[in-house]
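Given next are the chains, with one letter for each unit.
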Amino acid sequence: MAGERTPLLGHGVFSLASDGDDLMTPGTTGSPKAPRRSLNTFFGVIVPTILSMFSIVLFLRTGFVVGHAGLLHGLLMLGVAYFIISLTVLSICAISTNGAVEGGGAYFMISRSLGPEFGGSIGLMFYLAKVCACGVYVLGLVEAILDVFGQDPASSRATGLHVLPQGYWFTVLYASAVLLLCLLVCLVGARIYSQAVFIILLVVAVALLSVLVSPFVVEARAFVITHSAGANNTMVYNASYTGFSTATLKSLLSPGYSLDYSTNRMMSFATVFAVMFTSCTGIMTGANMSGELKNPNVSIPKGTIIAVFCTFTVYIFLFLLVSATCDRTLLIQDYSFFQRINVWPPFVVIGVYCASFSAAMSALIGASRILHALAIDKLFGWPLAPAAITSSSGNPWVSVLYTWGLVQCTVFAAELNVIAGLVTVFYLLAYAAVDMACLALEWASAPNFRPTFQFFSWYTCLLGMLSCLAMMFVINPAYSSASIVMLLLLVLFLHYRSPTSSWGYISQALIFHQVRKYLLMLDVRKDHVKFWRPQVLLMVANPRSSCQIISFVNQMKKGGLYVLGHVQLGDLDLLPSDPVQQQYNFWLSLVDKLGVKAFVDLTLSPSVRQGTQHLLRITGLGGMKPNTLVLGFYDNSFPEDCLLQDPKFCNCDGDNRDKRDDFGVDLPSLQAYFPPVRDTESPRSLSPDEYVGIISDAIKMSKNVCLGRYFHQMPGDSRGSGGEESEKTIDVWPLNLLHPGRSSYADVCSLFLLQMACVLNMATGWRRARMRIFLCVELDRDDQSWVVREECFRELLRKLRIRAEIKIVPWDAVVRLLREGGKEPGMLADESKAAHLPSQDFLFAVNGLLKEHSAQAAVRFLYLPRPPTQSSQWKLFLAQLDALSQGLGPTLLIHGLTPVMCTEL
C-alpha cells in the first residue's frame, strides 16, 4: 500500500513508482509531511462527528421542524434521514476497513475505490457540499448573534444588547467577519482548534443539558413575538410555553406548514426536510480525519456508528420534549425559542455560538483538506495546482484561501434556509456516491475487497444510493438535476483528460466481471450467418511499415474483434525471461497513437509460421476468436518508414521531452523501440515457402485469409487515395483470375469478397464511395450465356441488398492466352498441374486488364486462390500472385471459407 498516497503516475516506461519523494517536500507543490497519527476513536471521530451533526439545527431549527411538520411528520423526516445516512454509514465502514486509509477522508476512499474519473468528480462535488455547509453554519452563527445583539425595531426581546444594525448587507458583513475569523484560525491556529474540540463539546453538552432540564423547571409563560413585514408594517404573534401538556402534544401531532418568517416562503415537507437534513451532514467528519487517526480502520466505523446513534437519540428526545411543551406559534415564529424557556438563557447562547463556530471551522478545514488532496492528485490540472502548496508545518494554506473565497460567495445568500436545500442535495449526492462505490466493489467481486466490517450487503448499498437520489429530487428537482448534470460533465472532463493512476479502476473490475459472464453466454454453437462479422488477426512484422494497413483494417472490422499479432523469434529455453512481456507497453502505446480499436497479442516462437499457428489457435476467448487472418504481401520491394511520415509520430514542435503517454512511453522511445525497416543488407526472417505455408495453415484451420499489398500508398488516415469521398471507388473482381474455370460469381469465396467490400463501404470515410463489381465475360461465344449470368448476378445483388455498379469486362483476348496453353476454362487437369497452367503472358494480360479498369480505384478486392497442396509449388504460386497484382495500388487478395451472405430476414 506504499503507493496509495501517490498522485497520478509519473513513472518511466515500465516503472510504476511515483515521484513520491519530491511530492513530500514541504513548501512545494506536493503533499505535506505525513501528519503524526495521534487521535483515538473518541477525539478523532466521535467528538467531531457529534459536533457537526448537532451544529445549528439542534438549537436553532428544532422548533422550525416540529412547528411546521408536526411531531409525526418530524419523526418521519428524522427516520428517513437517519435511515439514509445509516445505510451510507454501513458503506463508509465497509470501504474504510478494506485497506489503509490515508489523508483525504471520504474523497480518498471514493477516489481509490472508483478510480480517478468518478473519484475526482465526486470528490469535487463533495468539496462543494462542504463549502456550502460552511456557509450555512456561518449564517446560522450570524443569525444567533443578531438574535441577541441585533437592532430589530420590531423585536420584542427585552434581553441582550441590541447594538448591531440589521439588514441584508449587514448580515453579509457580519458573516464575512465571522468567516474571516475562521480563516485566520485555519491559517494560524488550526491545531489549537483541533485541541479545543473537546472543550467545545463539553460546552455544547452543558447547553444541551440545560435545554433538556428546563421543561422540568421553568413554569408556563406567554410571549408576544413581533416581526417586521415591510417598511412600516409589523406582525405580532401571541405564543406560549405551556409546560408538559397533553393538549399541546395533540395540537402538534399533525403538520401545519405555513410561511417562514425569515424567507417569507411557504414551507412544505421537502423544504423543511432540506433544513432538517443539514443536521445529518456530518457523518463523514470522522472519516475526514483519517490522516490523523491512529487506527482509522477501527476508529472510523466504530466512532461514526456511536456518534450517529447518540445524535439520533438526542433528536428524538428533543422532538418529543418540544412537542409536549411549546405551542406551534412559538416554534414557528422564533428560531431561538430555547433561550426564552431556558433556566439561564446564556447557556443556549453559548451553546449556539460554540456549535455553529465549531461546525463552520470543521467544514472549512475539511473542505480545504479535500481540495488539497485533489490538487495533489493533479486530476484537474493547473487551476488547482496552487492548492497543493503547503507551509513549512504542512498547513495547506493556499487551499484554505481557495475555500474561504468560495464560502464567501455562498454567504451572499444571507439566509440559512435559502442555501440549506443546495447543501442537502450536494451531501445526498456525495452519500449516493459512497454507496455506489461500495456497491461497485461488491458487484465487481474483486478478491481484494475483503472489508473487516461485515454488516453490509449490496442490498444496503443499492437501497442507500436509490434513497439518496430519490430524496434529492423530493427536496429540489432543479438543484438535483443541475448537480447530476454537473457531476456527469466532470466525469466526461476527467475521462477526456484520461488520467492514469495507481489506485485501480472500478470500471475495469466491473467490465471484467461482466465481460466474463457475456463471453460465457456467447455460444459459438448459436452463431448465425445473419450476424457474422469479421474478427481479424493482422500479423505485423514491423509497425514502421504497417501503419496504413493497420488503420485500414480497423475500418474494415465492423465492430468485430481486431487483434494485432506479432511473432518474436527466439527460444524461451535459451532466455532468462520472456522478452515478450516487456514489449506490450510499446505496442499498446502504438495502438493509442494510431487511434485504432485493437488488442495486441505477441508470442515467442522459433519461426514466424509456428508463431502464427500459435496465435491463430489461442488468440481470443470463446466466441470472440479471429475468423480472418490478414497478412502483408510478400515481395521484393523495400518498405517505407511510416513512423517518420505520420504526423502522429513526428516531432512537430521540436520538443518531445514531456510528450509521453499515460503509461510513460514518449515518442522518441516509441520510435527507437521498433527496429528500422528492412533494407538491402537486412536478412528476411520469413522465406517464400514459409509465407505460403502460413496461408495454407490458416485455410486448413478454417480461417479466411486476406493479403494486403501496396497499402503504403494509401494516405495515413486510410480513407482512400486523394479526392472527395464521393469520388472514391471500391472495385471488386469476384472471379478466380488465375483459374477462371474453378470458380463462379456466386461461390463462397466470391460472396465473401462482396461481403468484405460491403463492410468497408459501411465504414466512416467510405460510406459515399462507389462500389463497382467487374464481371469478366466472353462476348465472342455464340450461346450468349454471359447475358443470363449477368441477370442472375443482378438478381443476387438485389436479394443481398448490395448497392453496386456492375461493369462488364470483355476478356476474350485474355482467355485466348489461357486456351493457347492447352486447357479450356473449366476443363483443367489435376491440381498438381494446375499451378503451371497460367502462362506469364496470361498473367501479364490479366494484370493489364486490372490496371485498365481499376487504375483509379481507392482499393481493389481480388479473389485469392487456394495454395497448391504440394509445397514444391508454393514459390511459383507466390510468383503468380505477384505478377497478377503488380503495380495495382492498394489491393486485398481474399480467400473466404465462411458463408457470410443471407437473403432471409
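Note: the structure precedes this text.
Residues numbered from 1 in each chain as written. Predicted model: local features only at pLDDT ≥ 70, side-chain atom pairs only at ≥ 80, totals over all residues. Heavy atoms only, no water.

1. Examining the overall build of the chain
Consideration 1: Of regular secondary structure, the chain possesses 29 helices and 12 strands.
Consideration 2: Per-residue burial for the chain yields a buried fraction of 54% across its 905 residues.
Consideration 3: About 38800 Å² of surface is accessible on the chain, with carbon and sulfur atoms providing 61% of the total. (Helix = DSSP H or I, 4+ residues; strand = E, 2+ residues; numbered from the N terminus. Buried < 20%, exposed > 50% of the residue type's maximum accessible area, 1.4 Å probe, protein only. Areas by Shrake-Rupley, 256 points an atom, 1.4 Å probe, with all protein chains shown as cover.)

2. Focus on the sheet that holds strand β12 (residues 891-895)
Consideration 1: A sheet is described by the order of its strands in space; here 10 strands give the open sequence β5-β4-β3-β6-β7-β12-β11-β8-β9-β10, paired in mixed fashion. Every interior strand has two partners, whereas the edge strands, β5 (599-605) and β10 (805-810), have only one. Taking each pair of neighbouring strands and ignoring which way they run, the sheet shows an average axis angle of 25 degrees.
Consideration 2: Sheet topology places strand β8 (residues 729-733) next to strand β9 (residues 770-777); 4 bridges connect them, and they run parallel. Looking across to β9, one finds that Thr 729 is bridged to Arg 770. (Pairing = 2+ DSSP bridges. Axes fitted to C-alpha atoms, helices over the stretch in contact; angles between N-to-C directions.)

3. Concerning the side chain of Glu 790
Consideration 1: Relative to the helices and strands, Glu 790 resides in helix α25 (residues 785-799).
Consideration 2: If we skip the residues at most four places from it in the chain, Glu 790 touches Leu 775 and Ile 808. (Contact = heavy atoms within 4.5 Å.)

4. Examining unusual backbone geometry
Consideration 1: One non-glycine residue with positive phi stands out, namely Lys 558, at about 55 degrees.
Consideration 2: Overall, the relative accessible area of 39% leaves Lys 558 in the partly exposed class.
Consideration 3: Unusually for a residue other than glycine, Tyr 710 sits at a positive phi of about 65 degrees.
Consideration 4: Structurally, Tyr 710 is set in the loop between β7 (704-709) and β8.

5. Here's the deal with the side chain of His 513
Consideration 1: Topologically, His 513 is positioned in helix α18 (residues 506-521).
Consideration 2: Overall, His 513 belongs to the buried group, its relative accessible area being 17%.
Consideration 3: Ignoring any residue separated from it by four or fewer positions in sequence, one finds His 513 in contact with Trp 443, Ala 444 and Ser 445.

6. Section: the nonpolar core
For soluble globular proteins, the rule of thumb is that nonpolar side chains tend to be buried together.
Consideration 1: In terms of nonpolar packing, the biggest core is built from 160 residues, with Phe 59, Ile 85 and Ile 283 touching the most fellow members.
Consideration 2: Per element, the largest residue contribution to this core is 21 residues, and it comes from helix α3 (residues 57-96).
Consideration 3: Those residues in contact with Phe 59 that lie beyond four places of it in its chain are Val 204, Ala 207, Leu 208, Val 211, Tyr 335, Phe 338, Val 348, Gly 351, Val 352 and Ala 355.
Consideration 4: Core analysis: the second largest hydrophobic core is formed by 110 residues, Ile 549, Met 714, Leu 738 and Val 900 among them. (Core = buried A, V, L, I, M, F, W, Y, C linked by side-chain atoms within 4.5 Å.)

7. Comments concerning empty space enclosed by the protein
Consideration 1: Per the stated rule, a full pass over the model turns up 3 cavities of 30 Å³ or more.
Consideration 2: Lining the largest cavity, in full, are Val 211, Ser 214, Pro 215, Leu 321, Val 322, Thr 325, Cys 326, Phe 337, Phe 338, Ile 341 and Asn 342.
Consideration 3: At the level of secondary structure, the elements contributing two or more residues to the lining of the largest cavity comprise α7 (190-217), α10 (296-325) and α12 (337-340).
Consideration 4: The residue makeup of the lining of the largest cavity, split by class, is 8 nonpolar, 3 polar and no charged.
Consideration 5: Among the secondary structure elements, those contributing two or more residues to the lining of the second largest cavity are β9 and α25.
Consideration 6: Grouping the constituent residues of the lining of the second largest cavity by class yields 6 nonpolar, no polar and 2 charged. (1 Å grid on protein atoms, 1.4 Å probe; cavity = no way out; pocket = protein on both sides within 12 Å on 5 of 7 lines; lining within 4 Å. Points joined across faces, edges and corners; volume = space filled by probe spheres on them. Nonpolar A, V, L, I, M, F, W, Y, C, P; charged D, E, K, R; others polar.)

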